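# Fold and geometry: a report
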Amino acid sequence: MNVLNWKSSPNGPLRGTLRVPGDKSVSHRAMMLAGLADGSSRIEGFLEGEDTLSTAAVMQALGVRIEADQPGVRIVHGVGLHGLKGVGQPLDCGNAGTGMRLLTGLLAGQAFDSTLVGDESLSRRPMGRVTEPLSAMGASFSTEDGRPPVRIHGGKALHGISYTLPVASAQVKSALLLAGLYAEGETEVIEPHPTRDYTERMLAAFGWPIRFEPGRARLSGGHRLQATDVVVPADFSSAAFFLVAASIVPGSELVLARVGLNPRRTGLLQALRLMGADIRVENEGVSGGEAIADLRVRHARLKGVELPPSLVPDMIDEFPALFVAAAVAEGRTVVTGAAELRVKESDRLAAMARGLQGLGVVVEESPDGAVIHGGRIGGGQVESLGDHRIAMSFAVAGLVAEGPIRIGDCANVATSFPGFVELANDCGFSVADAD
Ligand code: S3P
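Counting starts from 1 at the beginning of each chain's written sequence and moves along it residue by residue. Residues qualify for local features only when their pLDDT is at least 70, as the model is predicted, and side-chain atom pairs are given and counted only at 80 or more; totals for whole chains, interfaces and linings, by contrast, use all residues. Side-chain metrics in this entry use all non-hydrogen atoms of the structure; hydrogen atoms and water are not considered.

Labelled according to an unreviewed UniProt entry, the protein appears under the name 3-phosphoshikimate 1-carboxyvinyltransferase, originating from Frateuria aurantia. UniProt positions are given in the numbering used here, feature names are shortened, and annotations may be inferred rather than shown by experiment. Turning to the protein, the UniProt annotation filed under Subcellular location (unreviewed entry) states: "Cytoplasm". Under the heading Pathway (unreviewed entry), UniProt records this for the protein: "Metabolic intermediate biosynthesis; chorismate biosynthesis; chorismate from D-erythrose 4-phosphate and phosphoenolpyruvate: step 6/7."

And the structure:
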C-alpha cells in the first residue's frame, strides 16, 4: 500500500485566492450518465481524483470510450442505456463508496453479471442498504455478509417500488433511481431528510423525465438518456478545509473561487456562522445548473455551539473539519444525530475523537456524536486511518497546534483532493512529507 505520512506545522496567516478541484459527487454521476447516454458528452471540471478515476475506469471496462485530452476534461462516447458489455473480471471501485453504491444500482438492471470490488476501507462498508431495496425491485446479489465484493446477478426483470429510506443517503437514493431507469413502472424514493439531488438534476439534464422535490423523487423506466455537456463546480467539501483553516488562523483571509453551493451540501457554512465565523458569499452565479459563488473567509474568534441535528445531512462529509474548528473554539461544541459518520471511509467519530484526544483536546465520544471542549491543540502524532478527510482535517489542525502534528497514512487524500498539499502550502500551510 502507498503510505504517505505528513507533518503539518504551525504557520503564519493564510492568504490568497484558490480554486479547489471539481465536485466528486457530480463527477461520478456525470461519468455514469454520459456513459449510458446516446451520443457524446463533454464533462468539464471532472475531478482527477482516484475515486472518480475508478468510476471512469469501470465505465471504460464496460465498453464506454472516454477521451481525456486535457486535465479535468472528458469526452464520453455514450453507448446507450442497453449498450454496456459485461466483463469477466471484477470491477474495481477503489476507495469510493459513491462509485460502488451507484454502480450497484446501475448494474442491477443489466443483462450480464458483474462483480464490484474495493480497497480495504470500502470492503468494510455496508452495502445491504442498497442491495436490500434493489432486491425488492427484483435484482439479485451476493455479498460477504452485506459487504463487498458485491456480485450482481444480471438478467433480472426489475420493477419499480416506492421506498422510504431509513437513513438519509443520497447514495442509496441514487442507486434506486439508476436501477429505476431499467425498471418496469415507477420507482419512488422518499427521504427522512432531503439529501443532495445531483442524480435527479442530472437525469433531467440528460432528458429523462423525472419528478422531484426536496425529500422525494419519482421516475419510470422506458426512456433514453440524451448526451449533454456537464460543467462540474468546485467541490464544497474540499473548500471546507480552507473555510475552517482561515477561520482559525489569526490574520487570515482566503477566497475560495467558484464553489458549488447546492443547499444540501453547505451545512458547514451555517455551522461555522453559528460559531461566529466570518464567511461572505460573493459573485453568486449559476454554472452547469448549480449555484456557485466565491467564498471569502476571514479569521474570527469561534465559539462552541450545540449543533442542530437537522444540519447533519447537509454537512455529512464536513464533520472532521468541524471537529477541528470546535477544538479551537471557546467553549464546548455538541454534536448529536451523526451515527452515519461511523460507516464512512473510516469511523470518523472515533478517528477524530482519538486523534484530538492524542493532541490533548478533551473529547467525549457518544454513539451518535461527541462533545468537543475547545481551547488549545497540542502537537503530536495522529492516524488518518487511510481516510482522506481525517488526514486533511489534521493538516488544518497543525496550523494552530502548539507544535507540529505528524499524520500517518495520508495517501488517500488523492481520492478526493489531488494537489491538496501544493494548494495548501501556496496559501500559507506548512505541510511536508514526514518520512
Ligand atoms: C454522496 C453521499 C453521501 C456522502 C458521500 C457522497 C453522494 O453519502 O457522504 O461522500 O455523492 O451521493 P451517503 O449517501 O452515505 O450519506
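Let us keep going from here.
## Structural notes on the sheet that holds strand 4 (residues 65-67)
With mixed pairing, 4 strands are arranged side by side in an open sheet as 4-5-3-14. Where the open sheet ends on each side, the last strands, each with one partner, are strand 4 and strand 14 (230-231). Relative to strand 14, strand 3 (residues 38-44) runs parallel, the two being bridged by 2 bridges. Within strand 14, the position partnered with Ile43 by the bridge is Val230. A contact between two residues is defined here by any heavy atoms of the two lying within 4.5 Å. Every axis in this analysis is a line fitted to C-alpha atoms, fitted for helices over the stretch in contact. Angles between the N-to-C directions lie between 0 and 180 degrees. A run of H or I in DSSP becomes a helix once it reaches four residues, and a run of E becomes a strand once it reaches two; helices and strands are each numbered from the N terminus. Contacting strand 3, strand 4, strand 5 (73-79) and strand 14, helix 1 (residues 24-36) runs over the sheet at an angle of about 35 degrees to strand 5. Pairing between two strands requires that DSSP report at least two bridges joining them.

## A closer look at the site of the ligand
What makes a residue near a molecule or strand is one non-hydrogen atom of that residue sitting within 4 Å of it. The environment of the ligand is made up of Ser25, Arg29, Thr98, Arg101, Ala168, Ser169, Ala170, Gln171, Arg196, Ile316, Asp317 and Lys344. Two N or O atoms form a polar contact when they lie within 3.5 Å of each other; inside protein one atom must be a possible hydrogen donor and the other a possible acceptor, and for residues adjacent in sequence the pair counts only when both atoms belong to side chains. One of the side-chain nitrogen or oxygen atoms of Arg29 is found 2.6 Å away from an oxygen atom of the ligand. One of the backbone nitrogen or oxygen atoms of Gln171 is found 2.9 Å away from an oxygen atom of the ligand. Per-residue and other accessible areas were derived by the Shrake-Rupley procedure at a 1.4 Å probe size, with only the shown protein chains allowed to occlude residues. In isolation the ligand exposes 390 Å². Once the protein is present, 95% of that is buried. Each cavity reported here is a set of points on a 1 Å grid over the protein atoms alone in which a 1.4 Å probe fits but cannot get out, each pocket an open set with protein on both sides within 12 Å along at least five of seven lines, and each lining residue one with an atom within 4 Å of a point. Whether a molecule lies in a cavity or pocket depends on its atoms, and more than half of them have to be within 2 Å of the grid points. In this structure, the ligand is accommodated by the largest pocket. Elements supplying a minimum of two residues to the shell around the ligand: helix 1, helix 3 (97-108) and helix 5 (170-180). Residues are grouped as follows: nonpolar covers Ala, Val, Leu, Ile, Met, Phe, Trp, Tyr, Cys and Pro; charged covers Asp, Glu, Lys and Arg; every other residue, Gly included, is treated as polar. Of the residues belonging to the shell around the ligand, the class tally is 3 nonpolar, 4 polar and 5 charged. Here the shell around the ligand gathers at least three residues from each of two domains, domain 1 (6-22 + 234-433) and domain 2 (24-231). Either an automatic procedure or a domain database provided the assignment from which the domain bounds are taken.

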